[in-house]
Amino acid sequence: MRRVVCPGSFDPVTYGHIDIIGRAAKQYDEVIAAVLNNVNKRGLFTVPEKLDMLTEGTAEFDNVRVSEFDGLLVDFCRDNGIETIVRSLRSVSDFDYELQIAQMNYRLSGVETVFMTANPQYSFLSSSLVREIAQHRGDVSSLVTPHVQERLREKYAERAQG
């Protein structure tokens, strides 16, 4: 079985994330969309909220499983029998950063990294941009699923109420 992981913070999951996960799902037997539980970084959403949004966003793919991890991704790969990491590249600057990580992951564990170029439709898209637009009540309907859009609306309404 060819199993891969698509890791990320997914804060929140965007159509760009879903596109990469879906494309990987066409090429591999099983795709694990893994949410990083980074205790050093406070995101807008909790890990359970991210898992919920990612599960909803990838429900159409029968061979995608959603999970979480903390610590090193290569340890998660080892513990789950994963030999390949799938990462998205939106720009040349992404490549410079991702290449260093891929080389370190390979050195630490022998886990390979496969790069997929972002769909041009989503090459500008990032979770931080989505958060910024949503925070100012901008329209993110073409960037995230309706479920995520609603969660963003709720989250920023909670923050506004203090």
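Residues numbered from 1 in each chain as written. Predicted model: local features only at pLDDT ≥ 70, side-chain atom pairs only at ≥ 80, totals over all residues. Heavy atoms only, no water.

## Concerning the UniProt feature "binding site: substrate" (unreviewed entry) in the protein chain
So, step 1. The residues that UniProt annotates with the feature "binding site: substrate" (unreviewed entry) are Ser9, Lys41, Leu73 and Arg87.
So, step 2. Structurally, Ser9 can be placed in the loop between strand 1 (3-8) and helix 1 (15-27).
So, step 3. Exposure remark for Ser9: the relative accessible area of 36% places this residue in the partly exposed category.
So, step 4. The residues contacting Ser9, other than those within four sequence positions of it, are Val35 and Lys50.
So, step 5. Assignment of secondary structure puts Arg87 in strand 4 (residues 84-89).
So, step 6. Leave out the neighbours within four places in its chain, and Arg87 touches Pro7, Gly8, Glu98, Thr113, Val114, Phe115 and Met116.
So, step 7. Within polar-contact distance, the side chain of Arg87 engages the side chain of Glu98 at 2.7 Å. (UniProt positions renumbered as here; feature names shortened; annotations may be inferred. Helix = DSSP H or I, 4+ residues; strand = E, 2+ residues; numbered from the N terminus. Buried < 20%, exposed > 50% of the residue type's maximum accessible area, 1.4 Å probe, protein only. Contact = heavy atoms within 4.5 Å. Polar contact = N/O pair within 3.5 Å; in protein donor to acceptor, adjacent residues only side chain to side chain.)

## Description of unusual backbone geometry
So, step 1. At the junction of Asp11 and Pro12, the peptide bond is cis and its omega measures out at 5 degrees in the coordinates.
So, step 2. Summarising the element assignment, Pro12 is placed in the loop between strand 1 and helix 1.
So, step 3. A positive phi angle is found at Phe10, which is not glycine, with a value near 50 degrees.
So, step 4. Relative accessible area serves as the criterion here: at 3%, Phe10 is assigned to the buried category.
So, step 5. Positive phi values are uncommon outside glycine, yet Arg137 reaches one of about 60 degrees.

## Structural notes on the side chain of Thr145
So, step 1. Along the chain, Thr145 turns up in the loop between helix 5 (127-135) and helix 6 (146-161).
So, step 2. Its relative accessible area of 7% is what places Thr145 among the buried residues.
So, step 3. Beyond its immediate chain neighbours, meaning those up to four positions away, Thr145 contacts Tyr15, Ile18, Glu56 and Gly57.

## A look at a nonpolar patch on the surface
So, step 1. Together, Leu72, Met104 and Leu108 make up an exposed nonpolar region whose accessible area comes to about 300 Å².
So, step 2. Among the residues examined, Met104 registers a relative accessible area of 45% and is labelled partly exposed. (Patch = residues over 30% accessible without salt bridge, like charges linked within 9 Å, V, L, I, M, F, W, Y side chains within 5 Å. Areas by Shrake-Rupley, 256 points an atom, 1.4 Å probe, with all protein chains shown as cover. Salt bridge = Lys/Arg side-chain N within 4 Å of Asp/Glu carboxyl O.)

## Examining the packing of helix 2 (residues 47-57) against helix 6
So, step 1. Running from N to C, helix 2 and helix 6 point in directions that differ by 155 degrees, and their axes come no closer than 9 Å. In terms of orientation, helix 2 lies roughly antiparallel with respect to helix 6. Contacts between helix 2 and helix 6 pair Glu49, Asp52, Met53 and Glu56 from the former with His147, Val148, Arg151 and Lys155 from the latter.
So, step 2. A breakdown of the residues in the contact of helix 2 with helix 6 according to their chemical character gives two nonpolar, one polar and five charged. (Axes fitted to C-alpha atoms, helices over the stretch in contact; angles between N-to-C directions. Parallel < 35°, antiparallel > 145°, perpendicular 65-115°, else oblique. Nonpolar A, V, L, I, M, F, W, Y, C, P; charged D, E, K, R; others polar.)

## Regarding the pattern of salt bridges
So, step 1. This model, assessed by the stated rule, comprises 13 salt bridges.
So, step 2. Connected through salt bridges with shared partners, the residues Glu49, Asp52, Arg151, Glu154 and Lys155 form a single ionic network.

## Some thoughts on the pairing of strand 5 (residues 112-117)
Across a regular strand the side chains alternate sides, sitting on one face of the sheet and then on the other.
So, step 1. With six bridges joining them, strand 4 and strand 5 adopt parallel strand pairing. Across the sheet, the residue bridging to Ile85 is Thr113, located in strand 5. (Pairing = 2+ DSSP bridges.)

## Quick notes on the UniProt feature "binding site: ATP" (unreviewed entry) in the protein chain
So, step 1. Feature annotation in UniProt places "binding site: ATP" (unreviewed entry) on Ser9, Phe10, His17, Glu98, Tyr122, Ser123, Phe124, Leu125, Ser126, Ser127 and Ser128, given in this structure's numbering.
So, step 2. Position of His17 among the secondary structure elements: in helix 1.
So, step 3. The residue Ser123 is located in the loop between strand 5 and helix 5 in this model.
So, step 4. Discounting chain neighbours no more than four positions away, the residues touching Ser123 are Arg90 and Ala118.

## Here's the deal with the packing of aromatic side chains
Centre distance and the angle of the planes are the two values used to describe a pair of aromatic rings.
So, step 1. One pass over the structure, following the stated rule, counts three aromatic pairs.
So, step 2. Ring centres 6.5 Å apart and planes at 35 degrees place the aromatic pair Tyr15 and Tyr122 in the tilted group. In this pair, Tyr15 is assigned in helix 1 and Tyr122 in the loop between strand 5 and helix 5, connecting sequence segments 107 residues apart.
So, step 3. Aromatic pair Phe95 and Phe115: ring centres 5.9 Å apart, planes at 65 degrees, arrangement edge-to-face. Of this pair, Phe95 sits in helix 4 (residues 92-109) while Phe115 sits in strand 5, and the two are 20 residues apart along the sequence.
So, step 4. With relative accessibility at 35%, the residue Phe95 sits in the partly exposed group. (Phe/Tyr/Trp six-rings, centres within 6.5 Å; stacked < 30°, edge-to-face > 60°.)

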